[in-house]
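Breakdown of the fold
Below, each chain spelled out in residue letters.
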Amino acid sequence: MKISIAPSAGFCFGVKRAIDMAVYSAGKFGTELNTIGPIIHNPQVVCLLEEKGIFPVESVDKIRSDTIIIRSHGIKAGIADEIAKKDIAVIDATCPFVKKAQDYMKSASSEGYFIIMVGDKKHPEVQSIISFAVAGRYMVLNNLEELKHVDFTEKIALISQTTQDVMFYLSVIYEVFRRVKKGVIVFNTICDATKLKQEEAAVLAARSDVMIVVGGYNSANTNKLKNICKSIQDRTYHVETEKELDPGWFRDAENVGITAGASTPDWIIKKVVEKIKVIEKQNK
Ligand code: SF4
């Protein structure tokens, strides 16, 4: 059985940067540090960071430390205002790609565009970006059906979640272009790391008999990878750790592909590979 790992599987630039900043700060200050929400969407990494004194809290009033780390997804504009009123030091680990999307949102919104943000409205990154829009002048869209609620006589700006499926974003752009009356601007806010991961995952899924996608169940980009792979290879399985691998998945498989979300550390990917090798021996 040949096991192939997508070259860009695992931590992306923004996640690596946020974790490096958090770990460096924890070592430097030697006291408890807080993040608003988990620093990345991977429960195993969040547990490891807690051992280093970095704890997520749900809201500003729950902050226990005198330093707060802003995670790679960014935070809502209102929360940043709340933090600014307190005597708390801020380490801003917002990914530069998310920052750029926040800036686009601010400028398009202030120029009077109605914003269509393509993404998951419950995702913290979307909530942080959309918080920079003018109230009541935006919608978050997750399927083409929802376009029926848009007033196409408005001038429209399109912005995407950084981890959006490229093909879906293109389909929304096409539909908006077809219907819009006044004008439309499109911001290319899907980050390069996401595009690369999705392209590699699609190629690998096409030449694998079984595809394993590794990452947190709460990770949007991991779920997107799973959906892309599943649309190409029905034998696609999403796991958080090697413990969930089922030997039955690998029967008769000659080529196994592995990809992993942007918040999946290398050590989890390695454990998955080792476990698949053990399963291979057992299945013989
Ligand atoms: S997936 Fe892209 S936007 Fe999100 S943290 Fe990683 S590099 Fe930044």
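Keep in mind the model is a prediction, meaning the values are calculated, not measured.

**Overview of helix 8 (residues 220-232)**
With 13 residues, helix 8 extends 19 Å between its outermost C-alpha atoms, agreeing within 8% with the 18 Å of an ideal straight helix rising 1.5 Å per residue. Looking only at helix 8, the buried set comprises A220, N221, T222, K224, L225, I228 and C229. Of the surrounding secondary structure, the elements contacted by the buried residues of helix 8 are helix 7 (192-206), strand 10 (210-214), strand 11 (236-239) and strand 12 (255-260).

**A word on the sheet that holds strand 1 (residues 2-5)**
In space, the four strands of this open sheet follow the order 1-12-10-11, with parallel pairing throughout. Each having just a single partner strand, strand 1 and strand 11 make up the two edges of the open sheet. Averaged over neighbouring strand pairs, the angle between their axes works out to 20° when direction is ignored. Pairing geometry for strand 1 and strand 12, over four bridges, is parallel. Looking at the pairing, I3 lines up with V256 of strand 12. Its contacts with the sheet place helix 9 (residues 266-283) against strand 1, strand 10 and strand 12, and it is angled at close to 165° to strand 12.

**Examining the nonpolar core**
The nonpolar side chains of soluble globular proteins are, as a tendency, buried together. Grouped together as the largest cluster of nonpolar side chains are 26 residues, with contacts concentrated most on I212, V214, L245, F250, I258 and I276. Counting residues per element, the ones that place at least two in this core are helix 7, strand 10, helix 8, strand 12 and helix 9. Of all the elements, helix 9 adds the most residues to this core, at six residues.

**Topic: the sheet that holds strand 7 (residues 138-141)**
Taken in spatial order, the four strands of this open sheet run 7-6-8-9, and their pairing is parallel. The two strands at the open ends of the sheet, each matched to only one other strand, are strand 7 and strand 9 (183-186). Ignoring strand direction, the axes of neighbouring strands in this sheet form an average angle of 20°. Two elements, strand 6 (residues 114-118) and strand 7, share four bridges in a ladder whose sense is parallel. The residue bridging V118 from the neighbouring strand is L141, located in strand 7. Together, strand 6, strand 7, strand 8 (155-160) and strand 9 form the strand contacts of helix 6 (residues 166-179), whose direction differs from that of strand 8 by roughly 175°.

**Focus on the packing of aromatic side chains**
Think of a pair of aromatic rings as described by two things: how far the centres are apart, and how the planes are tilted against each other in angle. The final tally for this structure, using the stated rule, is four aromatic pairs. Look at Y237 and W249: their rings are 4.1 Å apart centre to centre, the planes differ by 0°, and that puts the pair in the stacked class. Residue Y237 is located in strand 11, and its partner W249 is located in the loop between strand 11 and strand 12; the two are separated by twelve residues in the primary sequence. By relative accessible area, which is 22% here, Y237 ends up partly exposed. Owing to a relative accessible area of 17%, W249 belongs among the buried residues under this scheme. Among the aromatic residues, those joined into a ring-pair cluster are Y237, W249 and F250.

How each quantity is defined
- Residues numbered from 1 in each chain as written.
- Predicted model: local features only at pLDDT ≥ 70, side-chain atom pairs only at ≥ 80, totals over all residues.
- Heavy atoms only, no water.
- Helix = DSSP H or I, 4+ residues; strand = E, 2+ residues; numbered from the N terminus.
- Expected span 1.5 Å × (residues − 1).
- Buried < 20%, exposed > 50% of the residue type's maximum accessible area, 1.4 Å probe, protein only.
- Contact = heavy atoms within 4.5 Å.
- Pairing = 2+ DSSP bridges.
- Axes fitted to C-alpha atoms, helices over the stretch in contact; angles between N-to-C directions.
- Core = buried A, V, L, I, M, F, W, Y, C linked by side-chain atoms within 4.5 Å.
- Phe/Tyr/Trp six-rings, centres within 6.5 Å; stacked < 30°, edge-to-face > 60°.

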